Amino acid sequence: MNMPPLIPPFDFQTHVLGPWSSPEIAAGTFWTMATCSLVAICCGLLGCFLIVQGLALIGDAISHTVLLGIVVAFLLTGQFSGMAMLIGAGLTGIVTALLIEFIHRSSRIKQDAAIGIVFTSLFALGVILLNTMASHQHIDADCVLFGDLEFAMFDTTKIFGVAIPRSAVQLTLVTAVVASVIALFYKELLVSAFDPQLAAVLGLKPRLVRYGLMGLLSLAVVSSFQAVGAILVVAMMIAPPATAYLLTDRLPKMLLLTVVAGVISAIVGVHVAFWLNAATAGAMVCVACGLFTLAFLFSPRHGLAVGALRRFRRDDPPLADELSVSA
Amino acid sequence: MIPQGEQGSADEGRPNLPDSSLGADRPLPLSVRSLTVSYDRKAVLWNVDLDVFAGRIVGVVGPNGAGKTTLIKAIMGLLPLQSGTILINGKPLKKQPGAIGYVPQRESVDWDFPVTVHDVVMMGTYGTLGLFRRPGRKQREICRRSLDQVHMSSYAHRQISNLSGGQQQRVFLARALAQEADLYLMDEPFAGVDAATEAAIIELLRTQRDTGRTILVIHHDLQSVADYFDDVLLLNRHVVAYGPVGDVFTVENLRTTYGGKLAVLPEHANGET
Amino acid sequence: MNAGLPVFLSISDIAESTGFGEQMRRFWTMSDPAVRTAVAGTILLGLTCGMLGCFVVLRRMSLLGDSLGHAVLPGVCAGFLVTQTKHIGWIFTGAVLSALLAAGVISLIHGRTRLKADAAMGLVLSGFYGLGVVMLTRLQRLPLGNQSGLNRFLFGQASAISAQELAIMAALAGLVFIVVLLTYKELAATCFDLEFATASGIPTRAIHYLLMLLVAIAIVISIQAVGIVLLSAMLIIPAATAHLLTDRLKVMIVLSMVFGAVSGVAGANLSFLKSSLPTGPFIVAVLLLFFVLAFLFSPRYGLFTRLYGRRVQRRQSLADRIIKALAESRSGTELTAADLAATLQVSQTEATAAINMLRHDELIEVAGTGFRLTPGGVEYADALRRNERLWKAFLEREGELAGQLFDPDTDDIERVLGAEMIRELEGGT
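Residues numbered from 1 in each chain as written. Chains lettered and ligands numbered in written order. Predicted model: local features only at pLDDT ≥ 70, side-chain atom pairs only at ≥ 80, totals over all residues. Heavy atoms only, no water.

Along the backbone of chain A there are 15 helices and 2 strands. Residue burial in chain A is summarised as follows: out of 327 residues, 58% are buried. Taking the intrachain contacts of chain A between residues at least 6 apart in sequence as the baseline, contacts between residues at least 24 apart amount to 69%. Summed over its atoms, the accessible surface of chain A is roughly 13000 Å², and 70% of this surface lies on carbon and sulfur atoms. (Helix = DSSP H or I, 4+ residues; strand = E, 2+ residues; numbered from the N terminus. Buried < 20%, exposed > 50% of the residue type's maximum accessible area, 1.4 Å probe, protein only. Contact = heavy atoms within 4.5 Å. Areas by Shrake-Rupley, 256 points an atom, 1.4 Å probe, with all protein chains shown as cover.)

Taking strand neighbours across the sheet as the criterion, the 3 strands line up as β2-β1-β4 (chain B) in an open arrangement whose pairing is antiparallel. The open sheet has two edge strands, β2 (42–52) and β4 (83–88) of chain B, and neither has a second partner. In this sheet, adjacent strand axes meet at a mean angle of 25 degrees when their direction is disregarded. Here strand β1 (residues 30–39) of chain B runs beside β2 of chain B; their pairing, made up of 7 bridges, is antiparallel. In the strand pairing of β2 of chain B, L30 of chain B is matched with V52 of chain B. Strand contacts of helix α13 (residues 303–328) of chain C: β1, β2 and β4 of chain B, with the helix running at about 80 degrees to β4 of chain B, the strand carrying the most contacts. (Pairing = 2+ DSSP bridges. Axes fitted to C-alpha atoms, helices over the stretch in contact; angles between N-to-C directions.)

Let's shift gears to the packing of aromatic side chains. Tallied over the entire structure, the rule returns 11 aromatic pairs over all chains. A ring pair is formed by F194 of chain A and F113 of chain B, whose centres lie 5.3 Å apart and whose planes are at 65 degrees; its orientation type is edge-to-face. Remark: F113 of chain B occurs in the loop between β5 (100–103) and α2 (117–123) and F194 of chain A occurs in helix α9 (residues 186–194); the pair is interchain, linking two chains. F113 of chain B sits in the buried class, given a relative accessible area of 1%. With centroids separated by 6.2 Å and ring planes inclined at 85 degrees, the aromatic side chains of Y228 of chain B and F229 of chain B adopt a geometry described as edge-to-face. Judged by relative accessible area, which is 14%, Y228 of chain B ranks as buried. (Phe/Tyr/Trp six-rings, centres within 6.5 Å; stacked < 30°, edge-to-face > 60°.)

With 68 residues of chain C at the interface, the matching set in chain A holds 68 residues. At the surface where chain C touches chain A, the tally comes to 2 salt bridges. D247 of chain C is the salt-bridge partner of R108 of chain A, the closest N and O atoms lying 2.8 Å from each other. Of all elements in the fold, only α3 (62–83), α4 (88–112), α5 (117–140), α6 (151–155), α10 (228–245), α12 (280–297) and α13 of chain C reach the threshold of two or more residues within the side of chain C that touches chain A. Looking at the side of chain C that touches chain A residue by residue, the classes come out as 43 nonpolar, 14 polar and 11 charged. (Salt bridge = Lys/Arg side-chain N within 4 Å of Asp/Glu carboxyl O. Nonpolar A, V, L, I, M, F, W, Y, C, P; charged D, E, K, R; others polar.)

Here the focus is the interface of chain A and chain B. Contacts between chain A and chain B engage 31 residues on the former and 42 residues on the latter. Summing the contributions of chain A and of chain B, the shared interface buries around 3100 Å²; its carbon and sulfur component is 64%. For the pair chain A and chain B, the interface holds 1 salt bridge. Ionic pairing is found between R175 of chain B and D195 of chain A, a salt bridge with its closest N-O pair at 2.9 Å. Linking chain A with chain B are 8 residue pairs in polar contact (both at pLDDT 80 or more), by the criterion used here. (Buried area = accessible area lost by both parts, 1.4 Å probe. Polar contact = N/O pair within 3.5 Å; in protein donor to acceptor, adjacent residues only side chain to side chain.)

For the rest of this paragraph, the subject is the sheet that holds strand β8 (residues 231–236) of chain B. Residues and elements named next belong to chain B. Pairing within the open sheet is mixed, and its 6 strands lie in the order β5-β6-β7-β3-β8-β9. Among the strands making up the open sheet, the edge pair consists of β5 and β9 (238–244). Direction aside, the axes of adjacent strands within the sheet are offset by 15 degrees on average. With 4 bridges connecting them, strand β3 (residues 57–61) and β8 associate as parallel partners. In the sheet register, V60 faces β8, and the bridge partner there is L233. On top of the sheet, helix α6 (residues 195–210) reaches β3, β6 (183–187) and β7 (214–218); it is set at about 150 degrees to β7, its chief contact.

Geometric values such as these leave the question of function open.
Written as structure tokens, this is what we have:
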């Protein structure tokens, strides 16, 4: 069989400058990048709070279960967009987190199994409802799993005479909400994540904070999955924060680095997708994971290669010297 | 029904105290009545009655699984009670968040969390700050003072995983100090810390006590009980004995607490029999 | 991107939509060979996943199963690339290798960085899946013709299992059964106490990777019928349901296999009833039904069972305290309901409920404005005192070792402590 090379030769002119060659093409590229960056920013910011407290897989669960919320919202209102969908998704996220905690607290089922049970069940119910009662709509489970960035870019709305993709508008709003919530409730989020018992003693309502975080996360997921799909949302929730976590010891810096890593993944990912003629969201995730691998190997403090080098040279003063390590 | 030490303290669940330490009208910092807490329908704490007086350091001593941590968590309102009441300064804790300063076991938090020593101590002030308010000059001052008191000022900007066990414990103490509470609950503050830190901590607890604060400390090392504490609570699911160390910390009571199998008895325990 | 491709192809796509009864008859008589293969396939995967799921759930690796499930995608694509056809052998090999690689990367990230296990799993899950999506879309945009069939590995398609694939699935399932039978002792030991197993010379690391390999094979068996996303349900839900019903590993494994197989067939049947109904989600829905029933009504670990027990216990413990309070009060000063509520610091309603219960049991009676113990009540109070004394004696005697046995709210101290212990305690006090 005569097939083109699996990996086409890379050409700077075509693959890097090509997407910006004419105003129309450039506008398309710009909005694709903007949408992907916004996905990376809003998911990444929330992802930071998930991975520092070991909740990454609850994020995974929520990214699947929002489907049920969307379908139920559709059955109630007949709409697949707008407020109804956001509210439906937000509530589902909170319900998911509550159910997981409920199952694991009130039975002998461990938390990991509880997560697995809740997310597969709710997702399955969502798919069944979608197939039996809400069929023939512009949404299918495919879209939830994969996203449909190309389609999302065509679905535009005019703002001040400029055609802007709807999902970019929605993502801008959600990112703004996420960023301001983090700014306003930073101390509550911080204490609840670090030491929930202290938060409870201080009267900071760690459970409320946690469910609020889950609700926000669902908003971010539902706004993002049209563009990148549920499973790749998970990647943007975990990969950039994990990269940042290996590079810094401060939460504020970690949030900042997450944004940087996310935006780089989006920009490079769009070009890689163009080069390979493959799905943009997938390429973005691959770049994000590539960045993580770099941090994993070369992070100044926690990198694997750096650690090996340090052990090899043995001339670094070990940190433990200045510490009185107790028995 | 109230468990008493072999010495037979007079009042129900109250230690024999010098009269001077009894504040006339002030409500007790901590008063627990017939507290029963169960996990999975089995009682972990059973009919606990306890009155703690202001300005005392109380050691909570008992075998593993005796319910010591459960007691502290119940006092902090983190557990559902099967029965009983707990009053802090005469009122339920719910009406006065932040009334308890809390030093958890070191393992209870993730020391890889991306925060610095200063950030952790600052958390102690969050309870009084209120929504949307950010820590300001006053909070930074409290934070600085608390760090000074535990001699950790020079480590303020270090990430918390780069600390020794003793230093981590001091950070928790500083955070509790920053809470500026009247009642402190500490879960094994001496576990896994070096001797210097241990001495520094007990010194600090004494200065705090002398300013009228009340401190409840879960403790494992029977040898140092007599030196460190004013009162001791011997706990094994129920209160075996409670009162001033001199009266209560006896070989007989320790046997009753730890079962007949207590091998090593502390030298300082009173009433050799 | 994948517009026009059916999402969850189902058995009913090959069956005309006829009446409900007709469809049921067609399904259960199994005259249609496609139905037979689908049923055999779902039973096989239900049995395999049900069995392995027990080890996975007990070892708290539930989500590792999920991660590996997603991580097979690049392997499937790579396997496809080898021959550029849907040659099932290569695709299965690719899937197993890619799942094992994922397991290795997860332990590498978790072991070598300060990232927690969940972040490592999430990262590998979504990273591998992302790579798979890039490969899949790249393949779909190449002029190869028949690559669209790859989608069934993503979404599951029980009806499309061919006789040849069924044979491979059966062989793999057989292999898994044999390996589990041979290594049962080691698998069970690592499930319950990893450290002890290591200490007693079991190669726990090897066993861990063996289990990973078995899970990867189970994933490969299941992927055609249930699809990637819902795959972990087949591992987790039957085992978790069985875990709510029994404390014995062997019983748990058998129950779990039964749940897996029954749900497989029931799900296939449900999806058969109406056209365009997916198979995988229905299997999960049936599994969920079993789980919910066990979660609520399991004789020992069910929620209702436990909630009811807790309520009874609360009321009983209040009633006991009322008896004690009455027993301690001097005769002639009968306590009223209000007095009792105040002494015991409970609400008047609670106190009244407990008092009514005690009056019904004829342990207390009205005396003047208040209540006093009946002769039966006095006896009961004595028994309470005795129990309390015994429990204290037990604590004194056993100290730290009192641990698991200590249960002062039990109504049968003899059963809990044993008659001999009671005699000793009574002798001692």
